[in-house]
Amino acid sequence: MQDALVKLLVANFLLQILDGVASYHILSAGVPEVNPLVSYYIDNWGLLGGLFYGKFIGCALVWLIFLLRK
């Protein structure tokens, strides 16, 4: 079970990276961000900083859930 959970964490991390790269290209083309939290991050920290922070929070929350499971 532990091995499967680690694989899921790695898969989540890789998907967050893929989503971040895709979002960067889409937002660079002028399409507005519709997620209000990520939009707030981008407004305050710029495109790369906002996307990185949003993805970091997503990964951190999944990791926290992993650590707090019973």
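Attention in this report is confined to the structure presented alongside it. What you see is a predicted model, and the numbers here were worked out from it, not measured in a lab.

## Examining helix 2 (residues 36-68)
Its 33 residues place the ends of helix 2 only 27 Å apart at the C-alpha level, less than the 48 Å of an ideal helix rising 1.5 Å per residue. Taken as a whole, helix 2 carries its principal kink of about 130° at Gly 46. For helix 2, the set of buried residues is Val 38, Tyr 41, Ile 42, Gly 50, Leu 51, Gly 54, Lys 55, Gly 58, Cys 59 and Phe 66. Those residues of helix 2 that are buried are in contact with helix 1 (2-28). Put simply, Asn 35 is the residue that caps the front of helix 2, since its side-chain oxygen is 2.9 Å from the backbone nitrogen of Leu 37.

## Things to note about the packing of aromatic side chains
One pass over the structure, following the stated rule, counts five aromatic pairs. Arranged with centres 6.3 Å apart and planes meeting at 65°, the rings of Tyr 40 and Tyr 41 form a pair that is edge-to-face. What links up through ring pairs into an aromatic cluster is the set Tyr 40, Tyr 41, Trp 45 and Tyr 53. The positively charged end of Arg 69 is found above the aromatic ring belonging to Phe 66, 4.4 Å away from the centroid.

## Description of the packing of helix 1 against helix 2
Two elements in contact, helix 1 and helix 2, have axes separated by 10 Å at closest approach and are oriented at 165°. As far as their axial angle goes, helix 2 and helix 1 are roughly antiparallel. Handedness of the crossing formed by helix 1 with helix 2: right-handed. Taking contact as the criterion, the partners of Gln 2, Leu 5, Leu 9, Asn 12, Phe 13, Gln 16, Asp 19, Gly 20, Ser 23, Tyr 24, Leu 27 and Ser 28 in helix 1 are, on helix 2, Ile 42, Leu 47, Leu 48, Leu 51, Lys 55, Gly 58, Cys 59, Val 62, Trp 63 and Phe 66. Split into classes, the residues belonging to the contact of helix 1 with helix 2 amount to 13 nonpolar, seven polar and two charged.

## Points about the pattern of salt bridges
Under the criterion given, the structure shown has two salt bridges. Note that Lys 7 is salt-bridged to Asp 3, the shortest N-O span being 3.5 Å. You can see Lys 7 and its partner Asp 3 sitting in helix 1, four residues apart, about one turn around the helix.

Quick notes on the rules
Residues numbered from 1 in each chain as written. Predicted model: local features only at pLDDT ≥ 70, side-chain atom pairs only at ≥ 80, totals over all residues. Heavy atoms only, no water. Helix = DSSP H or I, 4+ residues; strand = E, 2+ residues; numbered from the N terminus. Expected span 1.5 Å × (residues − 1). Bend = angle between axes of the 7 residues up to and from the residue. Buried < 20%, exposed > 50% of the residue type's maximum accessible area, 1.4 Å probe, protein only. Contact = heavy atoms within 4.5 Å. Polar contact = N/O pair within 3.5 Å; in protein donor to acceptor, adjacent residues only side chain to side chain. Phe/Tyr/Trp six-rings, centres within 6.5 Å; stacked < 30°, edge-to-face > 60°. Lys NZ or Arg CZ within 6 Å of the ring centre and 35° of its normal. Axes fitted to C-alpha atoms, helices over the stretch in contact; angles between N-to-C directions. Parallel < 35°, antiparallel > 145°, perpendicular 65-115°, else oblique. Left-handed = near helix turned anticlockwise from the far one by under 90°. Nonpolar A, V, L, I, M, F, W, Y, C, P; charged D, E, K, R; others polar. Salt bridge = Lys/Arg side-chain N within 4 Å of Asp/Glu carboxyl O.

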